[in-house]
Amino acid sequence: MNKIAQIFETLEYGPAPEAAQPALDWLASHGNKFGHYIDGKWTAPGKTFASTNPANGKALADVTEGTREDVDKAVKAARAAFKTWSALSGYERGKYLYAIARAVQKHSRLFAVLETLDNGKPIRESRDVDIPLVARHFYHPAGWAQQLSRAFPGMVPYGVCGQIIPWNFPLLMLAWKIAPALAAGNTVILKPAEFTSLTALLFAEICDRAGLPKGVVNIITGEGPTGQAMVAHPGIDKIAFTGSTEVGKAIRAATAGSGKGLSLELGGKSPYLVFEDADLDSAIEGLVDAIWFNQGQVCCAGSRLLVQESIEEKFLAKLKKRMATLRVGDPLDKAVDIGALVAPVQVERVRDLVKKGVAEGGTLYEPDIDLPKGGCFLRPALISDISPANTVATEEIFGPVLVEMSFRTPEEGIALANNTRYGLAATLWSENINLALDIAPKIKAGVVWINGTNQFDAAVGFGGYKESGFGREGGKEGMAVYLKPAWEKALKSAAARTSSFDKLRMRSSTSASGSPHGEPVEPRGRGNPLDTAAIDQTAKMYIGGKQVRPDSGYSRPVFGAGGALIGEVGDGNRKDIRNAVEAARAALGWGTTAAHNRAQILFFLAENLDYRRKEFADRLRAETGATAAAANKEVDAAIERLFAFAGWADKYDGTVHNPPTRAIAAAMVEPIGVIGIVAPQELPLLGSIALLAPAVAMGNPVVLVPSAAHPLSITDLYQVIETSDVPAGVINIVTGDAEVLAKTLAEHDGIDAMWFCGSAEASALVEKASIGNLKQTWTSRGLSFDLADADKFNGAYFLAKSTQVKNIWIPYGA
Ligand code: NDP
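Residues numbered from 1 in each chain as written. Predicted model: local features only at pLDDT ≥ 70, side-chain atom pairs only at ≥ 80, totals over all residues. Heavy atoms only, no water.

Engineer: Before we move on, can you summarise the overall build of the chain with the specific residues and values?
Structural biologist: For the chain, the helix and strand inventory stands at 29 helices and 33 strands. Relative to a compact globule of 814 residues, whose C-alpha radius of gyration would be 28 Å, the chain shows 28 Å and is just as compact. Projecting the C-alpha coordinates of the chain onto the three principal axes gives extents of approximately 105 × 60 × 50 Å. For the chain, the proportion of its 814 residues judged to be buried stands at 60%. Within the chain, residue pairs in contact and separated by at least 24 positions form 76% of the contacts whose partners lie at least 6 positions apart. (Helix = DSSP H or I, 4+ residues; strand = E, 2+ residues; numbered from the N terminus. Rg over C-alpha atoms; globule rule 2.2 N^0.38 Å. Buried < 20%, exposed > 50% of the residue type's maximum accessible area, 1.4 Å probe, protein only. Contact = heavy atoms within 4.5 Å.)

Engineer: Break down the sheet that holds strand β21 (residues 538-539) for me, citing the residues and quoting the values.
Structural biologist: Overall, mixed pairing links the 3 strands, which are arranged β21-β25-β24 in an open sheet. Every other strand in the sheet has two partners, leaving β21 and β24 (555-559) as the edge strands with one partner each. In this sheet, strand β25 (residues 565-570) lies alongside β21 in parallel orientation, the contact comprising 2 bridges. Counted as the bridge partner of Ala539 is Val569 from β25. (Pairing = 2+ DSSP bridges.)

Engineer: So, the pattern of salt bridges: which residues are in play, and what are the values?
Structural biologist: The full count for this structure, using the stated rule, is 34 salt bridges. Between Asp130 and Lys121 there is a salt bridge, and its shortest N-O distance comes to 2.6 Å. The closest approach of N and O atoms between Arg408 and Glu309, which form a salt bridge, is 3.2 Å. Here Arg408 is found in the loop between β16 (401-407) and α15 (410-417), whereas its partner Glu309 is found in the loop between β13 (304-308) and α12 (312-323), with 99 residues between them in sequence. (Salt bridge = Lys/Arg side-chain N within 4 Å of Asp/Glu carboxyl O.)

Engineer: Can you explain unusual backbone geometry? Please cite residues and give values.
Structural biologist: Even without being glycine, Asn294 reaches a positive phi, approximately 55 degrees. With respect to the element layout, Asn294 can be found in the loop between α11 (280-292) and β13. Here Asn454, not a glycine, exhibits a phi torsion of approximately 45 degrees, which is positive.

Engineer: Give me the lowdown on the site of the ligand, citing residues and values where you can.
Structural biologist: The immediate surroundings of the ligand are formed by 27 residues, with Ile165, Trp167, Ser244, Cys299 and Arg349 found nearest. Measuring from an oxygen atom of the ligand, one finds a side-chain N or O atom of Gln346 at 2.9 Å. One of the side-chain N or O atoms of Glu396 is found 3.4 Å from an oxygen atom in the ligand. Here the ligand loses 88% of its free accessible area of 840 Å² to cover by the protein chains. At 3 residues, helix α9 (residues 224-232) tops the list of elements feeding residues into the shell around the ligand. (Near = heavy atom within 4 Å. Polar contact = N/O pair within 3.5 Å; in protein donor to acceptor, adjacent residues only side chain to side chain. Areas by Shrake-Rupley, 256 points an atom, 1.4 Å probe, with all protein chains shown as cover.)

Engineer: Could you give an account of the packing of helix α19 (residues 574-586) against helix α26 (residues 738-747), naming the residues involved and the relevant values?
Structural biologist: As a packed pair, α19 and α26 sit with axes 10 Å apart at the nearest point and diverge in direction by 45 degrees. Taken together, the axes of α19 and α26 are oblique relative to one another. As for how α19 packs across α26, the hand of that crossing is right-handed. Across the interface between the two elements, Arg574, Ile577 and Val581 from α19 touch Leu741, Thr744, Leu745 and Glu747 from α26. For the contact of α19 with α26, the residue count by class is 4 nonpolar, 1 polar and 2 charged. (Axes fitted to C-alpha atoms, helices over the stretch in contact; angles between N-to-C directions. Parallel < 35°, antiparallel > 145°, perpendicular 65-115°, else oblique. Left-handed = near helix turned anticlockwise from the far one by under 90°. Nonpolar A, V, L, I, M, F, W, Y, C, P; charged D, E, K, R; others polar.)

Engineer: I'd like to hear about the packing of helix α5 (residues 108-119) against helix α8 (residues 198-209), residue by residue, with values.
Structural biologist: Close contact between α5 and α8 brings their axes to 9 Å; oriented N to C, the two are set at 155 degrees. The angle between α5 and α8 falls in the class roughly antiparallel. Facing Leu110, Phe111, Leu114, Glu115 and Asp118 of α5, the residues of α8 in contact are Leu198, Thr199, Leu202, Phe203 and Ile206. Looking at side-chain class alone, the contact of α5 with α8 contains 7 nonpolar, 1 polar and 2 charged residues.

Engineer: Describe in detail the packing of aromatic side chains, supporting the description with residues and values.
Structural biologist: Applying the stated criterion to the full structure yields 30 aromatic pairs. Between Trp755 and Phe798, the aromatic rings sit 5.2 Å apart at their centres with planes inclined by 35 degrees, giving tilted as the arrangement. Of the two residues, Trp755 is situated in strand β31 (residues 753-756) and Phe798 in helix α29 (residues 796-801); the sequence distance between them amounts to 43 residues. Comparing Trp755 with Phe798 shows no difference in burial state: the two are buried. With a centroid separation of 6.5 Å and 45 degrees between ring planes, the pair formed by Phe785 and Phe793 is classed as tilted. We classify Phe785 as buried; its relative accessible area is 6%. Here the guanidinium or amino end of Lys238 rests over the ring plane of Tyr158, the centre of that ring lying 5.5 Å away. Over the aromatic face of Phe152 sits the side chain of Lys476, whose NZ or CZ is 5.4 Å from the ring centroid. (Phe/Tyr/Trp six-rings, centres within 6.5 Å; stacked < 30°, edge-to-face > 60°. Lys NZ or Arg CZ within 6 Å of the ring centre and 35° of its normal.)

Engineer: Pulling in residues and values, what's your account of the sheet that holds strand β5 (residues 59-64)?
Structural biologist: Strand pairing in a sheet takes place through backbone hydrogen bonds and is either antiparallel or parallel in direction. In spatial order, the strands read β1-β5-β4; together these 3 strands make up an open sheet with mixed pairing. Taken across any chain shown, the strands that pair with only one partner, and hence form the sheet edges, are β1 (33-34) and β4 (48-52). In terms of strand pairing, β1 meets β5 through 2 bridges, oriented parallel. Bridge pairing in β5 places Lys33 opposite Asp62.

Engineer: Help me get a handle on the side chain of Ser197, residues and values and all.
Structural biologist: One can find Ser197 in the loop between β8 (187-191) and α8. Within the structure, Ser197 has its side chain in polar contact with the backbone oxygen of Ala193 (distance 3.4 Å). Setting aside anything within four residues of it in sequence, one finds Ser197 in contact with Ser51, Val63, Asp118, Pro192 and Thr221.

Engineer: An account of the confidence of the model for the chain is needed here, citing residue identities and associated values.
Structural biologist: When pLDDT is averaged across the chain, the result is 94; 95% of the residues are at 70 or more. Residue range residues 502-525 is modelled with pLDDT below 50. Its contacts to residues more than four positions away, or to other chains, number 54 contacts. (pLDDT = per-residue confidence, 0-100.)

Engineer: Give a detailed account of α26, specifying residues and quantitative values.
Structural biologist: Listing the buried residues of α26 in full gives Ala738, Leu741, Ala742, Thr744, Leu745 and Ala746. A distance of 3.0 Å separates the backbone nitrogen of Glu739 from a side-chain oxygen at the start of α26, and that oxygen is part of Asp737.

Engineer: Before we move on, could you go through the pairing of β24 and cite the residues and values that matter?
Structural biologist: Note: β24 against β25, 5 bridges, orientation antiparallel. Across the sheet, residue Pro557 finds its bridge partner in β25, namely Glu568. In this structure, the hairpin formed by β24 and β25 is closed by a connection of 5 residues, where Gly563 is found at a positive phi of approximately 95 degrees.

What follows is the structure, given as structure tokens:
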């Protein structure tokens, strides 16, 4: 039989290799050896390590290990460039970004080939997905640059941003990080992953040729310690990191108390739900893309297949058949589905996890397909017969390995889908629109794809819930993480603060009755405890809609402005916090209560406080020694703040994006979960209300620790809460030592976000203690936040911190 007839008979693919030569020529033009790109110049190569092609183990080039001194040099260059770059008009900055986008398009084949050589991903993916998205991710923020003052009024860039990226989408992750940072007016130092530095270095050359001012983009190659040096450098104003949750936590701990901005895009174990009424063939093709795209080395890979039991057998049979047709091979071959993993160490890691899966009782299926000799290749794998607690069901494998479980009812499917510490993405397949749209909001993940998967666009935010990190990349949210309010940048240490109310106060709030910024207020063991018996009523805690006694059975004296005992409150401890968190978690349904209803309850709260304004003003005077005018002003401001956020409840909501695919992406604004709040010592009433109101308006139950020095304004509020129809568990109040309770809250995994007002030292402790479940934190860091300032705090500032955006991709239109 001749060759052509043979091909018709077997339908075998012929080789379709992409030429590697142009990329090799580019490397050769640099002598296959690179220094860093700092201040618009290449440094001489230092101590180097090899970047190799994982498909054949051959060295491509040597790149330099970045030292502390290199980082320092880059920070100086970026700082010097920041002044002029941030002063350029958005239009001018946008033009540079357009020029870079065009240059990426012009050299797209070179970028794609170099990426595939360095990373091992199929050329089909680098050519058709990675590089076109890179260009799009420069075009989109270029537009934002010009609209900055209109879209983000009052916001300014952080300054110098340190950006650390992984190896799975080397150039795309670079684009996600660099483009919005530059559009916002920041300058950057970016460290690519050690395995995949080459396209970042080609990108540096593109910046150079686009005439980007020196020092605006600096690329430093290196390994973990280079990243650590960036994280630790005091001259860096913000760290943006994508990578493993483990390193993300280390970075959170290392930046605690530094005041650096932080956004983290971390790991995932994303569920892929297939319901019995799904179009199974489409769901199978989607699954191929979900788990074998980029060899499964995708943070949002649909790596946990959850199939409805009624179709499990049929679906798995189809899946195995499809797996047997996947082609693993030379990544430069245009007809290959699965290329090489990034490095031998990753191959070993994946093999070990698969072994563990089998040892724990899983059944492994791998199709009998050929693998190329040598190189980092693995067969696609499916592990079934596992339980939710198995290692392979909980750990991110980051390889071509799918794990499978079944569910019976949609409720069970949701429970399984959410049974993970991660929350990056989820996919669901169903032909029933009612079912799909019912499930999507119930899944705790930053992205949900309906009847599709792995869809990305620069206009649509991407990022995680829970331990998948915080902050978003792409869209307006992706711009916001590179901007901060101008006033926040100018804040001084709280010692020098003068709140608008201070002027009205008879005495400063640093009176004998307390210190304003979180220092221990009331020394314990103040005389004989029995001496306080003159006060016959101790304010209790407020937990789960009831007034409850403190677990410890101890109370804390509260002294008035003149030093006289004016009351007692419970001395809250770990157990009170635990009970309060439990009550708050039981009230998470508050987040799905209609915004209109949440608004009504806050209006009611404001109204009921208004009825009792005199009583509250008197209490403030007794607590702090404020003048009548100051006390009235604080009560009025608290009422106004409640009204403001009642009004916001149904207005701070989402939008619909129109990405350039056959879909819409509904950006839904969702509450974060349970928020722990430690209120400031000053402004005993308004300080708590200013934080409570936005959190509750957006649907978050809260555990509030009121001012330790002056807690009675808030314990008086219990009755107001009770008469205002606030559902049990939505507002929980624990009185006691602010710093002790703050630490307990920050360490508690049932708290999803933590806001803390207090000293710089205590703020650092709170941030460090938050790493257990990577809760989002806001701390005042001993700075002069004046919560009385309605212009700053009646709007988006705390609303943004009360919410996270979930993008639900819905197939739409022709
Ligand atoms: P890492 O999280 O270790 O690496 C990500 C980036 O951070 C790299 O540039 C790395 O440098 C750098 N880095 C490493 N340690 C530190 C540190 N202490 N401080 C600052 N920067 C640091 O991921 P790995 O490459 O080691 O991969 C390990 C596992 O992480 C994978 O198997 C996978 O499970 C997961 N992962 C998840 C990703 C995601 O997007 N969800 C992406 C990448 C990995 P260098 O590479 O030079 O060490």
